[in-house]
Amino acid sequence: MEIQLWREILDPYALAVNELIVKFNHIIEEYHHVGAYSPIEQVTGRVKTISSILEKAQKKGIDLEYFEEKIDDIAGIRIICQFVEDIYKVVDIIKRRSDMRVKSEKNYINNMKKSGYRSYHIIVAYNVETLKGTKELQVEIQIRTLAMNFWATIEHSLQYKYKQNMPEHIRERLSSAAEAVLILDREMSVVRDEIMDAQNSFTIKANIVADILTNIQNLYKVANKQEVIKIQDEFFRIYQNGDQEELERFNRELDLLSQRYRAQSLR
Ligand code: 0O2
């Protein structure tokens, strides 16, 4: 196939990857905007390279005429979570969406691969709009924890280096590292509630501070400058004390003051 033709075929996949990265990042933002913990930590994506498509087609005996149907990870999204529990939340989120249809799933979390690989894979059908009209594509979404991702990234590079001939002692090391990842994820799940609490209060505090600063900025445009400088000093004092309740109270008072000055309409 000519390079140009490959480009034409792969272009919609690049669009799908870009769109899905935006959409999953938006989910993270939505959680943060309401001061909640996001089950998604990070999102990345890629379109398989032509050489990797050719390699997979050859390995699996796929006729290149049908590679779009037979290779389901031409477009790949990787969602990284902090905890194993988050993976299942993300799976639910994906299943409830109307812009993608789940075609198949593989749970390598409960059924670890022989290599030690763990991840949750979902193949979805996803529509993109192109100059030629709507095109339905398959996208592979891999969902895994930070620890699983660390292991998979290292193992992937070693697989690439050794191809089919990975030395036995390295294979054994990887296998015991996979066990360590399993234990690490379990340990993290035990302290999950405490970690989430800490992260939630950090996000809530950051949101309050952002609100206060917006209020002060808006007041500066309409209120007496000396008064606003006093408010600002008061904010620094409360901030340094680090008492969240006092910050919340201060923010409510500022809201009222801003309303009085109709400053909020300037937001
Ligand atoms: P790349 O370079 O990431 O695109 P299979 O024939 O079982 O290997 P299949 O049937 O396409 O592959 O589906 P599967 O098992 O769900 O694997 C698809 C992708 O999962 C792989 O794509 C890898 O990204 C990842 N994966 C699966 N098994 C392993 C593993 O043992 N180690 C690591 N590091 N990743 C794995 P590609 O095309 O193989 O690779």
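On a predicted model such as this, the values are computed, not experimentally measured, just so you know. In this convention, every chain numbers its residues from 1, walking through the sequence in written order. Confidence filtering applies because this is a predicted model: local features only for residues at pLDDT of at least 70, side-chain atom pairs given and counted only at 80 or more, and all residues used for totals across whole chains, interfaces and linings. Hydrogens and waters are ignored; side-chain quantities use all the structure's heavy atoms.

**Some words on the nonpolar core**
So, point 1. What is meant by a nonpolar core is a set of buried Ala, Val, Leu, Ile, Met, Phe, Trp, Tyr and Cys residues, joined one to another through side-chain atoms within 4.5 Å. Type-normalised accessible area, obtained with a 1.4 Å probe on protein chains alone, sets the label of each residue: buried when under 20%, exposed when over 50%, and partly exposed for intermediate values. Core analysis: the largest hydrophobic core is formed by 50 residues, its most contacted members being Phe24, Ile77, Ile79, Ile94, Val139, Ile141 and Ile143.
So, point 2. Looking at this core, the elements that each hand over two or more residues are α1 (3-33), α2 (50-60), β2 (75-81), α4 (84-96), β4 (120-130), β5 (133-145), α5 (146-162) and α6 (168-190).
So, point 3. Secondary structure elements are defined from DSSP: runs of H or I of at least 4 residues count as helices, runs of E of at least 2 residues count as strands, and each element is numbered from the N terminus. Of the residues forming this core, the biggest block, 10 residues, is contributed by α1.
So, point 4. Between two residues, a contact is recorded if the distance between any of their heavy atoms is within 4.5 Å. Among all residues touching Ile79, those that are not within four sequence positions of it are Phe24, Ile40, Gln42, Val90, Ile94, Ile141, Gln142, Ile143 and Arg144.
So, point 5. Counting residues in each nonpolar core, the second largest holds 14 residues, with Ile212, Val228, Ile231 and Phe250 among its members.

**Quick look at the sheet that holds β2**
So, point 1. The pairing criterion for strands is at least two bridges between them, as found by DSSP. Pairing is mixed across the open sheet formed by five strands, whose spatial order is β1-β2-β5-β4-β3. Because the sheet does not close on itself, it has two edges, and the strands there are β1 (42-47) and β3 (100-107). Going from strand to strand, the sheet's axes swing by 25° on average, the running direction of each strand aside.
So, point 2. Looking at chain direction, β2 and β5 are connected through seven bridges and run parallel. Of the residues in β5, the one forming a bridge with Ile77 is Ile141.
So, point 3. Every axis corresponds to a line fitted to the C-alpha atoms, with the helix fit spanning only the stretch in contact, and the corresponding angles, defined between N-to-C directions, vary from 0 to 180 degrees. Where α4 meets the sheet, it contacts β2, β3, β4 and β5, and its direction lies at approximately 165° from that of β5.

**What to know about α6**
Because each turn of an α-helix spans 3.6 residues, side chains separated by three or four positions end up pointing in the same direction.
So, point 1. Multiply 1.5 Å by the residue count of a helix minus one, and that product is the helix's expected span. Taking 1.5 Å of rise per residue, 23 residues should cover 33 Å, and α6 covers 34 Å from first to last C-alpha, within 8% of that figure.
So, point 2. For α6, the full list of buried residues reads Ile170, Leu174, Ala178, Val181, Leu182, Asp185 and Ser189.
So, point 3. The elements touched by buried residues of α6 are α4, β5, α5 and α7 (192-222).

**Section: the site of the ligand**
So, point 1. Of all residues adjacent to the ligand, which total 17 residues, the nearest are Lys48, Lys56, Lys113, Ser115 and Glu155.
So, point 2. N or O atoms closer than or at 3.5 Å make up a polar contact, with two conditions inside protein: a donor-capable atom paired with an acceptor-capable one, and, for residues adjacent in sequence, both atoms drawn from side chains. With respect to the ligand, the side chain of Asp73 contributes an N or O atom lying 3.3 Å from an oxygen atom.
So, point 3. Here a nitrogen atom of the ligand and a backbone polar atom of Ala152 are 3.1 Å apart.
So, point 4. Coverage of the ligand by the protein amounts to 77% of the 720 Å² it exposes when considered alone.
So, point 5. Of all the elements in the fold, those that place two or more residues in the shell around the ligand are α2, β5 and α5.
So, point 6. The dominant element in the shell around the ligand, judged by the number of residues it contributes, is α5, at four residues.
So, point 7. Each residue is assigned to one of three groups, with Ala, Val, Leu, Ile, Met, Phe, Trp, Tyr, Cys and Pro labelled nonpolar, Asp, Glu, Lys and Arg labelled charged, and all others, Gly among them, labelled polar. Class assignment for the residues of the shell around the ligand results in three nonpolar, five polar and nine charged. By convention in this text, a residue qualifies as near a molecule or strand provided that one of its non-hydrogen atoms is within 4 Å of it. Method for areas: the Shrake-Rupley scheme with a 1.4 Å probe, in which residue coverage is limited to the protein chains shown.

**Some remarks on the domain arrangement of the protein chain**
So, point 1. Per the domain assignment, the segments making up the protein chain are domain 1 (3-167) and domain 2 (194-265).
So, point 2. Taken over C-alpha atoms, the centre of domain 1 sits 41 Å from the centre of domain 2.
So, point 3. Of the residues lining the interface, seven residues belong to domain 1; the matching set on domain 2 comes to seven residues.
So, point 4. At the boundary of domain 1 with domain 2, total buried surface from both sides reaches about 580 Å², with 57% on carbon and sulfur atoms.
So, point 5. The term buried area means the drop in 1.4 Å probe accessible area that two parts suffer when joined, counted for both and summed. Considering only the side of domain 1, the residues that lose the most area to domain 2 are Gly35, Tyr37 and Phe83, jointly responsible for 67% of the buried surface there.
So, point 6. Any Lys or Arg side-chain nitrogen found within 4 Å of a carboxyl oxygen on Asp or Glu counts as a salt bridge. Applying the counting criterion to the domain 1 and domain 2 interface returns zero salt bridges. Domain ranges listed in this record stem from an automatic or a database domain assignment.

**Considerations on the side chain of Asn251**
So, point 1. With respect to the secondary-structure elements, Asn251 resides in helix α9 (residues 244-260).
So, point 2. Classification of Asn251 by relative accessible area gives buried; the value is 9%.
So, point 3. Dropping the residues within four chain positions of it, Asn251 is found in contact with Ile208, Asp211, Ile212 and Asn215.

**With respect to the packing of aromatic side chains**
So, point 1. Aromatic contacts are taken between Phe, Tyr and Trp rings whose centres are within 6.5 Å, Trp giving its six-membered ring; a plane angle under 30 degrees counts as stacked, one over 60 as edge-to-face, and the others as tilted. Under the definition given, this model contains seven aromatic pairs.
So, point 2. Taken together through their ring pairs, the aromatic side chains of Phe235, Phe236, Tyr239 and Phe250 make up a single cluster.
So, point 3. Lys163 extends its terminal NZ or CZ atom over the ring of Tyr160, reaching a point 4.4 Å from the ring centre.
So, point 4. Cation placement over rings: the criterion is NZ of Lys or CZ of Arg within 6 Å of the ring centroid and within 35° of the ring normal. In this structure, Lys225 packs its charged tip against the face of Tyr220, placed 5.1 Å from the ring centre.

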